[in-house]
Number of protein chains: 2
Amino acid sequence: MYQADYLQRFTEDVFKSIGCPDDQAALAAEVLVSADLRGIDSHGIARLAGYVRLYDHGRLNPTPNIQVVHETPSTAVVDGDRGLGLVVAPKAMQIAIEKAEKVGSGWISVRNSNHFGIAGYHAMMALEKDMIGWTMTNAAPLVTPTFSLDKMLGTNPLAVAVPTQDEPAFVADFASTAVAYGKFEILQRKGLPAPLGWAQDANGEPTTDSNAVKSGGGLLPLGSDREHGSHKGYGLGAIVDILSGVLSGANYGPWVPPFATAGFMAVQERVGQGTGHFLGAMRVDGFRPADEFKSHMDNWIRAFRKARAVEGKQVLIPGDPERETEALRRQEGIDLLPPVVQSLSELAQRFGLEFEVQ
Amino acid sequence: MYQADYLQRFTEDVFKSIGCPDDQAALAAEVLVSADLRGIDSHGIARLAGYVRLYDHGRLNPTPNIQVVHETPSTAVVDGDRGLGLVVAPKAMQIAIEKAEKVGSGWISVRNSNHFGIAGYHAMMALEKDMIGWTMTNAAPLVTPTFSLDKMLGTNPLAVAVPTQDEPAFVADFASTAVAYGKFEILQRKGLPAPLGWAQDANGEPTTDSNAVKSGGGLLPLGSDREHGSHKGYGLGAIVDILSGVLSGANYGPWVPPFATAGFMAVQERVGQGTGHFLGAMRVDGFRPADEFKSHMDNWIRAFRKARAVEGKQVLIPGDPERETEALRRQEGIDLLPPVVQSLSELAQRFGLEFEVQ
């Protein structure tokens, strides 16, 4: 088991080794390790080598000039200058928060960025200011819209964080697909089939093939098929894509560049710059007194927790599973899979750092 | 077949008959008939008698004082004073648009309202100003969150309308459930079962009983079951509920009053006032020049339309089906079901109006 602090320091050192300034390396490491702490292992330190690959292929600028290129009192476009999304997104959220402090809300569309880690991290930045935080991002096309054979959208997640009084915060953070791609990777490693409703094959037919996305198929939008509302999941993913990509001047739809997949590094970005995000902050007291709002949020949460549940289960509040995992992993540490440990050892060797193989 | 103009005039006369001022009666009629034109028959003139029932039971104020009760430059809470949601929501959207004109975006949470018709109508008000429009509303509890036996949320829809250059606008407008309740009503009338994944029974088991929601069951969130992401549909419905209800001071969750269902008229509103909505407008040129954005939206739409599709189908853009239905129905008229014609005839008789039974 690795302690979060240990992984944080190592990750920081790797980012410094590719030329990131100290403060940006620390921030990027914090965002990345927060994914491991919260149990979203696919978006954590397992991807560190991927960010280094982006750097190796000239797609990552370690010393970006992140700046507002267009703005009104409550809106802006931020250019990430090909910096780490892990750094660009928190900077953009900071600008959203400052705008909200002045005029009630702030909405930032970001271009020229790349993978920003877990959406929830950035949305949760708003909580301590008694603001509601929003985060979205587009991503490389893996998803087939309803009736489509072509992959046109990414898993395009949405996160909304809402402050509370005594209860833990409400933090919804989810992809606009039936499942995230990471679930297929787990099944592939185990040689297991996938449930119907997660993917389609190259002919647009339902499939249990957990390799379907690699062989001409696609991930299905939330809702899985037309009869169960896949056009709604497609609509949600499209909204995320438009706000993140079209509004900012980033790439969108089928043109969003892949994160760092081997073989896809020399991508043609034809319609914009890099990956796009959309972040927002709304001051709760721009609507009603913050204490009043937060005590009603506590009441909301308690009512849902008290709902009668099917046997052996309980009704969860969005954010519950991640928060419980974080509490556990801060105590007991984070277990890394052998291939992840291997990739971190290779990074250590390359940059002359130490990494303890457990 | 009834012409839209004819239904508009009749609906206007009914609203005037219960005391609505001329301009509000006209606006409410336009919103209601736009649902019939766009093919969302469940939210159109079929509900006119329901609004009158709200009035009969003292839950509808025909001459509301709709006003801002709290605001910042980009946010506000509007109190609907128990007015028609069909009137309160467009007034709130107008305020959102005015704020967006001044500071880039405007976000309005509404309390003390009731059913506002189709969400898409209000979101589309932003289009002619080159703004992106948002609409959400909470609704009476019919939906069981993941693992819940209790109905805790409404079908809580979300609409986002995005302006374009030469292509028709992008208009996503969907409930956060697998299907809207209207689909069950159609099956009930025909005595047909429902597909699995639409509802659960009183024990939380999957069911094909199209009467399940009436006998202790519930509608399922988008995603249908945990394995297919129902916690995401639940999360989306929860976000809509919090922004509409908790943020405004309306009722929320299980406390949202029913529209006008017989037997549920004397509702205990325990946590706020009436039904809540959330509306927003963002100036496109608060982010990038409007012409640039709109021509990229055209490009987005054309790329998705050109995607290869499964045989006999095509990839649709959100808003396509409704727009096509509207074009047809403006030409050919609107076909009303016999029970709807009957309810309109009864209203005509009660208020001394004419309604031609076809």
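Reading guide: rules and limits
- Residues numbered from 1 in each chain as written.
- Chains lettered and ligands numbered in written order.
- Predicted model: local features only at pLDDT ≥ 70, side-chain atom pairs only at ≥ 80, totals over all residues.
- Contact = placed C-beta atoms within 7 Å.
- Helix = DSSP H or I, 4+ residues; strand = E, 2+ residues; numbered from the N terminus.
- Nonpolar A, V, L, I, M, F, W, Y, C, P; charged D, E, K, R; others polar.
- Domains from an automatic or database assignment.
- Buried ≥ 20, exposed ≤ 12 C-beta atoms within 10 Å, placed from the backbone.
- Pairing = 2+ DSSP bridges.
- Least-squares fit on C-alpha atoms with pLDDT ≥ 70 in both.
- Expected span 1.5 Å × (residues − 1).
- Axes fitted to C-alpha atoms, helices over the stretch in contact; angles between N-to-C directions.
- Parallel < 35°, antiparallel > 145°, perpendicular 65-115°, else oblique.

Regarding the interface of chain A and chain B
Next, step 1: Taken together, the 67 residues of chain A in the interface contact 67 residues of chain B.
Next, step 2: Elements with a minimum of two residues in the side of chain A that touches chain B: strand 2 (75–79), strand 3 (105–113), strand 5 (158–162), strand 6 (170–174), helix 7 (230–246), strand 10 (275–283) and helix 8 (290–305) of chain A.
Next, step 3: Split into classes, the residues belonging to the side of chain A that touches chain B amount to 37 nonpolar, 23 polar and 7 charged.

A look at the domain arrangement of chain A
Frequently, the measure chosen for interface size is the accessible area that the parts lose on association.
All names here are of chain A.
Next, step 1: Here chain A is partitioned into domain 1 (1–63 + 319–358) and domain 2 (64–178 + 220–286).
Next, step 2: Computed from C-alpha coordinates alone, the two centres of domain 1 and domain 2 are separated by 22 Å.
Next, step 3: The interface of domain 1 with domain 2 comprises 22 residues on the first partner and 20 residues on the second.
Next, step 4: Taken together, the elements giving at least two residues each to the side of domain 1 that touches domain 2 come down to helix 2 (22–37), helix 3 (48–56) and helix 9 (320–332).

Some words on the pairing of strand 4 (residues 131–137) of chain B
Residues and elements named next belong to chain B.
Next, step 1: Most of strand 4 is tucked away: 7 of the 7 residues are buried.
Next, step 2: Alternating residues of strand 4 divide into Met 131, Gly 133, Thr 135 and Thr 137 and Ile 132, Trp 134 and Met 136, and every residue in both groups is buried.
Next, step 3: In the sheet, strand 4 pairs with strand 10 (residues 275–283) via 7 bridges, with the strands oriented antiparallel. Across the sheet, Trp 134 pairs through a bridge with Gly 280, a residue of strand 10.

Notes on the environment of Thr 137 of chain B
All names here are of chain B.
Next, step 1: Position of Thr 137 among the secondary structure elements: in strand 4.
Next, step 2: With 99 residues separating them in the primary sequence, Thr 137 and Leu 236 have C-alpha atoms 12 Å apart.
Next, step 3: Setting aside residues up to four positions removed in sequence, Thr 137 forms contacts with Phe 116, Ala 119, Asn 156, Pro 157, Ser 244, Thr 275 and His 277.

Focus: the sheet that holds strand 7 (residues 199–200) of chain B
All names here are of chain B.
Next, step 1: Pairing in this open sheet of 3 strands is antiparallel, and the strands run 8-7-9 from one edge to the other. One side of each edge strand has no neighbouring strand; the edge strands of this open sheet are strand 8 (206–207) and strand 9 (218–219).
Next, step 2: Here 2 bridges tie strand 7 to strand 8, and the two strands are oriented antiparallel to one another. Bridging across to strand 8, Ala 199 finds its partner in Thr 207.

Side note on the sheet that holds strand 9 (residues 218–219) of chain A
All names here are of chain A.
Next, step 1: In spatial order, the strands read 8-7-9; together these 3 strands make up an open sheet with antiparallel pairing. Whereas interior strands pair on both sides, the edge strands pair on one side only; in this sheet they are strand 8 (206–207) and strand 9.
Next, step 2: For strand 7 (residues 199–200) and strand 9, the ladder comprises 2 bridges, and the chain directions are antiparallel. Its bridge partner lying in strand 9, Ala 199 is registered against Leu 219.

Here's the deal with the relation of the copies chain A and chain B
Next, step 1: When chain A is fitted onto chain B, the two copies agree to an RMSD of 0.0 Å after a turn of 180 degrees and an axial shift of 0.0 Å. Viewed as a symmetry operation, the transformation between the two copies matches a two-fold axis. When C-alpha positions in chain A are compared against the rotation axis, the closest is assigned to Gly 223 of chain A, at 2.3 Å.

Concerning unusual backbone geometry
All names here are of chain B.
Next, step 1: Of note, Phe 147 is a non-glycine position whose phi angle comes to about 75 degrees, a positive value.
Next, step 2: By secondary structure assignment, the location of Phe 147 is in the loop between strand 4 and strand 5 (158–162).
Next, step 3: The phi dihedral of Ser 224 is positive, around 70 degrees, even though this residue is not glycine.
Next, step 4: For Ser 224, a count of 30 C-beta atoms within 10 Å corresponds to the buried category.

As for helix 9 (residues 320–332) of chain B
Next, step 1: Taking 1.5 Å per residue, 13 residues should reach 18 Å; helix 9 of chain B reaches 18 Å between its end C-alpha atoms and fits that length.
Next, step 2: At the C-terminal side of helix 9 of chain B, Gly 333 of chain B shows a positive phi close to 95 degrees.

Examining the pairing of strand 5 of chain B
Within a regular strand, side chains alternate between the sheet's two faces.
All names here are of chain B.
Next, step 1: Counting buried positions along strand 5 yields 5 of 5 residues, so the element is predominantly enclosed.
Next, step 2: Residues Leu 158, Val 160 and Val 162 of strand 5 are buried on one face, and the alternating residues Ala 159 and Ala 161, pointing to the opposite face, are buried as well.
Next, step 3: Relative to strand 5, strand 4 is paired through 4 bridges, and the arrangement is antiparallel. Looking at strand 5, one finds that Gly 133 is bridged to Ala 161.
Next, step 4: The pairing of strand 5 with strand 6 (residues 170–174) spans 5 bridges and is classified as antiparallel. What sits directly across from Val 162, in strand 6, is Phe 170.

Describing the packing of helix 2 of chain A against helix 4 (residues 85–103) of chain A
Residues and elements named next belong to chain A.
Next, step 1: In the contact formed by helix 2 and helix 4, the axes pass within 8 Å of each other and the chain directions differ by 95 degrees. As the angle between them shows, helix 2 and helix 4 are arranged roughly perpendicular. For the pair formed by helix 2 and helix 4, the contact residues are Gln 24, Leu 27, Ala 28, Val 31 and Leu 32 on the first element and Leu 86, Val 87 and Pro 90 on the second.
Next, step 2: Of the residues contributing to the contact of helix 2 with helix 4, the split by class is 7 nonpolar, 1 polar and no charged.

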